[in-house]
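Structure at a glance
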Amino acid sequence: MSHSSYSRIWAEAQGALADLLEDEIPPTSLRPQKDRFQAFHTLATFYLRYLHIFRRLEEVYDQIVHPQKRQVVRQVLEGVMGRLVELKNEMVELEFSEFHYLDDLLQDLKMTPEDLDVPIPRYFIRERMKALKERERMLAHILEKKGSLNQEPVSLQVMSVERAVQLLQVSERARQGRLRAHFMKEIWREERRIRQGEDGPTEADLNLAATLIQRVWRGYRERKRTKKERLEEMIFLGMVEPEVLELSPAQQRAQQVEKIRRQVQDQHEAEYQQALLSIKQSVRSVDEADIKETLQDQIRQWFLECRDATGKFPDFPSAEDGGSASIFSQKSPEEVAAELAAKQQEKEKKKSKGKKDKNASKERKEKKKDKKGKSKGKGGKSDIEKEEEKGWKMSPSNFLPTVAEGAKLYREVWQTRDEGQNFPQRFDPQLVREEKRMEVEEEVRVQVDELMRQELKNLKLTVDREKGKKKKKTKKANKKKKKKAKKGGKKKKKKEKDLTADRTIESLYEELVLEGILTRPHNVKLSEYLGEYSYLGTSLRQANIEPMPSLSDVRQLIALYGVLPLGSQSVHERGPLIRSLLLAGPSGVGKKMLLHALCTETGANLFNLSPGNLAGKYPGKSGLQYLLHMVLKVARQLQPSVLWIGDAEKTFYKKVPKAEKELEPKRLKKDLVKVVKSIKVEDRVLLVGTSRRPFDADLKSLSKVYKKIILIPRPDYSSRLILWKKLLVIGGAQLGPILDLSSLAKVTDGYTQGHILQAVRSVLSSRRLNQQSKRPLTALEFIPPLARQDPVYKEEEETLKAWYSRTPLGKKRTRAAKEFEDAAQRKGKKKPGKGQKKEGEGKGKKKKKKK
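Residues numbered from 1 in each chain as written. Predicted model: local features only at pLDDT ≥ 70, side-chain atom pairs only at ≥ 80, totals over all residues. Heavy atoms only, no water.

The next point concerns the overall build of the chain. A count of helices and strands for the chain gives 30 helices and six strands. Relative to its full complement of 851 residues, the chain shows a buried share of 38%. For the chain, the proportion of contacts with a sequence separation of at least 24, taken over those separated by at least 6, is 84%. Carbon together with sulfur atoms contributes 53% to the accessible area of the chain, which is approximately 54500 Å² in total. (Helix = DSSP H or I, 4+ residues; strand = E, 2+ residues; numbered from the N terminus. Buried < 20%, exposed > 50% of the residue type's maximum accessible area, 1.4 Å probe, protein only. Contact = heavy atoms within 4.5 Å. Areas by Shrake-Rupley, 256 points an atom, 1.4 Å probe, with all protein chains shown as cover.)

If you walk through the whole model with that rule in mind, you get four cavities of 30 Å³ or more. What the largest cavity holds in volume is close to 110 Å³. Tyr47, Lys88, Met91, Glu98, Phe99, His100, Leu102, Leu116, Asp553, Gln556, Leu557 and Leu560 together form the lining of the largest cavity. Residue assignment for the lining of the largest cavity shows that the elements contributing at least two residues are α3 (67-95) and α17 (551-567). (1 Å grid on protein atoms, 1.4 Å probe; cavity = no way out; pocket = protein on both sides within 12 Å on 5 of 7 lines; lining within 4 Å. Points joined across faces, edges and corners; volume = space filled by probe spheres on them.)

Moving on, we get to the sheet that holds strand β4 (residues 641-646). Strand order in the open sheet made by the six strands is β1-β3-β4-β5-β2-β6, with mixed pairing throughout. Either end of the sheet is taken by a strand with one partner, and the two such strands are β1 (518-519) and β6 (708-711). The sheet contact formed by strand β2 (residues 580-584) and strand β5 (residues 685-691) spans five bridges and is parallel. When the bridges of β5 are listed, Leu581 appears paired with Val688. (Pairing = 2+ DSSP bridges.)

Summed over the entire model, instances satisfying the criterion amount to seven aromatic pairs. For the pair Tyr61 and Tyr123, a centre-to-centre distance of 5.2 Å together with 75° between the ring planes defines the contact as edge-to-face. Within this pair, whereas Tyr61 is found in helix α2 (residues 36-63), its partner Tyr123 is found in helix α5 (residues 123-126), the two being separated by 62 residues in sequence. The same class applies to Tyr61 and to Tyr123, which are both buried. With 6.2 Å between their ring centres and 55° between their planes, Tyr272 and Phe427 make a pair best called tilted. With a gap of 155 residues between them, Tyr272 in helix α9 (residues 249-310) and Phe427 in the loop between α12 (400-414) and α13 (429-463) connect regions that are remote in the sequence. (Phe/Tyr/Trp six-rings, centres within 6.5 Å; stacked < 30°, edge-to-face > 60°.)

The side chains of a regular strand alternate, residue by residue, between the two faces of the sheet. Extensive coverage of β5 is indicated by the burial of seven of its seven residues. Of the two faces of β5, the one lined by Val685, Leu687, Gly689 and Ser691 and the one lined by Leu686, Val688 and Thr690 are each fully buried. Strand direction decides the pairing type here: β4 and β5, joined by six bridges, are parallel. Bridging across to β5, Leu643 finds its partner in Leu687. Since β4 and β5 lie parallel, the crossover through helix α22 (residues 669-678) that links them has a hand, and here it is right-handed. (Right-handed = clockwise from strand over helix to strand, strands pointing away.)

Here we come to the packing of α17 against helix α19 (residues 591-602). Running from N to C, α17 and α19 point in directions that differ by 40°, and their axes come no closer than 10 Å. The angle between the axes of α17 and α19 places the two elements in the oblique class. Considering the relative orientation of α17 and α19, their crossing is right-handed. Contact residues: Val554, Ile558, Gly562, Val563, Leu566 and Gly567 in α17; Leu594, Leu598, Glu601 and Thr602 in α19. Partitioned by chemical class, the residues of the contact of α17 with α19 number six nonpolar, three polar and one charged. (Axes fitted to C-alpha atoms, helices over the stretch in contact; angles between N-to-C directions. Parallel < 35°, antiparallel > 145°, perpendicular 65-115°, else oblique. Left-handed = near helix turned anticlockwise from the far one by under 90°. Nonpolar A, V, L, I, M, F, W, Y, C, P; charged D, E, K, R; others polar.)

So, about the confidence of the model for the chain. Averaged over all residues, the pLDDT of the chain equals 80, while 81% of them reach at least 70. Below a pLDDT of 50 lies the segment residues 367-389, which in the model reaches 15 contacts outside its immediate sequence neighbourhood of four places, other chains included. Here residues 480-493 scores under 50 on pLDDT; set against residues more than four positions off or in separate chains, the count is zero contacts. (pLDDT = per-residue confidence, 0-100.)

What follows concerns the nonpolar core. A general feature of soluble globular proteins is that nonpolar side chains tend to end up buried together. In this structure, Leu643 and Ile710 are the most contacted members of the largest nonpolar core, which totals 134 residues. With 14 residues, α2 is the single largest residue contributor to this core. Apart from residues no more than four positions distant in its own chain, Leu643 is found in contact with Phe607, Leu609, Val631, Leu632, Ala635, Val675, Val685, Leu686, Leu687 and Val688. Within the second largest apolar cluster, 22 residues are counted, among which are Leu735, Ala745, Tyr751 and Leu764. (Core = buried A, V, L, I, M, F, W, Y, C linked by side-chain atoms within 4.5 Å.)

The next thing to look at is the side chain of Gln68. Among the secondary structure elements, Gln68 is positioned in helix α3. Residue Gln68 is classed as buried on the basis of its relative accessible area, which comes to 6%. Setting aside residues up to four positions removed in sequence, Gln68 forms contacts with Tyr272, Trp414, Phe427, Asp428, Leu431 and Val432.

For the rest of this paragraph, the subject is a positive patch on the surface. On the surface, Lys654, Arg806, Lys811, Lys812 and Arg815 cluster together into a patch of positive charge. Along the chain, Lys812 turns up in helix α30 (residues 808-850). (Patch = residues over 30% accessible without salt bridge, like charges linked within 9 Å, V, L, I, M, F, W, Y side chains within 5 Å. Salt bridge = Lys/Arg side-chain N within 4 Å of Asp/Glu carboxyl O. Lys, Arg positive; Asp, Glu negative; His and termini not counted. Charge placed at Lys NZ, Arg CZ, Asp CG, Glu CD.)

On the surface, Phe183, Met184 and Ile187 cluster together to form a nonpolar patch covering roughly 290 Å² of accessible area. Tracing the backbone through its elements, the reader meets Phe183 in helix α7 (residues 161-198).

Turning next to α2. Residues spaced three or four apart along an α-helix point in a common direction, a consequence of the helix completing one turn every 3.6 residues. If you check α2, its first and last C-alpha atoms are 41 Å apart, about what 28 residues at 1.5 Å a residue would give, namely 40 Å. Among the 28 residues that make up α2, 20 are buried, leaving the element largely enclosed by the rest of the structure. (Expected span 1.5 Å × (residues − 1).)

Summed over the entire model, instances satisfying the criterion amount to 36 salt bridges. Between Arg74 and Glu127 there is a salt bridge, and its shortest N-O distance comes to 3.1 Å. Highlighted residues: Arg74 in helix α3 and Glu127 in the loop between α5 and α6 (129-150), separated in sequence by 53 residues. Classification of Arg74 as partly exposed rests on a relative accessible area of 22%. Among the salt bridges present, the one from Arg520 reaches Glu136, with a minimum N-O distance of 3.0 Å. Taken as a pair, Arg520 in the loop between β1 and α16 (537-542) and Glu136 in helix α6 lie far apart in primary sequence, 384 residues in all. The partly exposed category is assigned to Arg520, whose relative accessible area is 38%. For Glu136, a relative accessible area of 36% gives the class partly exposed. Taken together, the shared-partner salt bridges connect Lys280, Arg284, Glu288, Lys436, Glu439 and Glu443 into one network.

Side-chain alternation along strand β3 (residues 605-608) places Asn605 and Phe607 on one buried face and Leu606 and Asn608 on a second face that is also buried. Of the pairings in the sheet, the one linking β3 to β4 comprises four bridges and is parallel in character. The residue of β4 that forms the bridge with Asn608 is Trp644.

Let us look at the environment of Gln789. Looking at the element boundaries, Gln789 is found in the loop between α28 (783-787) and α29 (794-805). Non-local contacts of Gln789, meaning those with residues more than four positions away in its chain, are made with Tyr751, His755, Gln758 and Ala759. Here the side chain of Gln789 touches Pro785 through a polar contact of 3.3 Å, landing on its backbone oxygen. (Polar contact = N/O pair within 3.5 Å; in protein donor to acceptor, adjacent residues only side chain to side chain.)

Tracing the backbone shows Thr42 in helix α2. Since its relative accessible area comes to 19%, Thr42 is described here as buried. Here the side chain of Thr42 touches Gln38 through a polar contact of 2.9 Å, landing on its backbone oxygen.

Structure (structure tokens):
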């Protein structure tokens, strides 16, 4: 696509965003909503609209070339990403479920289930490519060094003389047999040629031969045409997948253009960065003196105006209040003086009220406790009824101001800007000059403020000597108090000891790699985790049946909870803080694949803290503390980072099995809570646990560490059908009408992705792939390798489902469902009561008539 097409996409996305902001920001949306279903409908609509805008903006940011436009798009893009995570958090808190089914809204907004997938911004990896390549080079060097250290001498097997003679005899006899067979075949061909030459072919034989050739050819041609027409019909009906052909020349050209645009992006960005420095220097050399002089004249004029209006010189605003910039915010001298006086009075009031507030807060808490006790004794109202009385209200957003500011910048600067002369889409020097002039003015303003404060002091000393003395005394007293307060505060703070202060990050990184703690993640993308959308979720929930989540929903959650916060610093800092994540599900459903995809999409380091990997390493309490200190230090310095704990249930065993007591699986139990709490807002570090038997762990302690728990189910029919198609194509199989994939997907109910992958690999050997033209693949060939594996039985899935219902979020959902049922029964009892009376009256009338 050309530049104009991407500009059009940007304009469409900004228009949709402006409409969305009009719906979300007005005070009508801030009114409490009593209907929870209506509130969820509002949230889900906003979520889907933001998701559509996010997809369009990501496409624009990846391909647009203008460096200043890319800055505006990036600002809005990160704001939209953060708002998506916020809305998802609101939906979870409102519905008490991580999974939501939005079939009706998809129809209303004319969207498909594929539009629910959260796109992964490509700039997460592109903008860190140099650092990632350097890290990969260093990791490969350390692993090579580790391999040479651990290399063991290869032992050679000695063969006896008798065995060697026997092998030589067998091979020689086989060679002689092949030669003799070839010689005899040549003799037979020669004899046949001689016999045919003696009896020459007649004219009748030639006509018969021609007829036979025609018959064979026509039959072959008709069979081929019929087979082709049948295949086209099956493809049209969707019963057979079309053959995967190579990319067309137009598609190849489009891919090349995309690569070229990215190279142009880098060139224009380098030019823009150089221009920022050169233009700032020119602005400083030309305009600095004029800016300084005009600022001084303006501030002196303000001194005189305040003196004339109030009868005294004003107090100069401090640097915290904005300095002289706050003076010229379109306010009169009297208003500025009144504001400064009001601020001083507020500070004095806060100091005097501080002690009173502490005593009053204690009394309020005691009163609240008494009220709670009384309400419980009287049979207080449930949480749902209270919410219905108060209504649901959307919590304030940290990203809406950013999005609104970016939309405003687009409207004011770029929407109507004529760029007919800027065909290469290089930076705009006029905009750069305006921006740098503002920066230089702010820098000069700081210097001017210091000079003018001194000048104001001198004026006050000369004109108001007595007032100046009193103020000095009070200022000295205030300074003494502040110093005392600072000394008292410093004593309370305690810094943590750095156990590796004498070591570099490179040495710690190398040690963790050599010990097998820091590992290389597999190169897997999140889109490769195959799974279909659940089309029965809404109908099952309407029937009060909690459906198992689909693999598509799991993929969305990993993107929202893992990829976006780890990839974007602003989303992690200002969005809902997610420190830990637990992936629970049966063996083979792709928990490790999701973990590696999370690291691949964000370029994160992977630290393996699984109980099996820590066995025998860094023994003792001090050794474990040293290890955790190293891991957290390297993870923070080289963020983003993922701390992985495989078999997470072993860390929280209710009772350790005898066979695993030597491995000490519960070593990390006490320290894990501290590790999670130590992850701050600015640290892009995520703790990820994977578990196939979470019900073996103590749920209370497990829930303290893992705040977000994602249950991964076995694949349903639609997901299994997609898996069979994709895995067979990747393995090199030729899909045809003989291979019944629908039956395969139906028969493999209960088998996971891992089981299906093993079956495909065992059948599709190189020899079998070469035989496909003569003997096409059939569904029956995959049954024996599947029969040798144990599927996930329904009992195991029900056990996982029951365990998930006992988690904190599951308990909230069951409690809310019960309260809704009780409320519905209370409302329902009143209406039938009236009907029952009427029925009784009717029966009495009938009896009278009979009499």
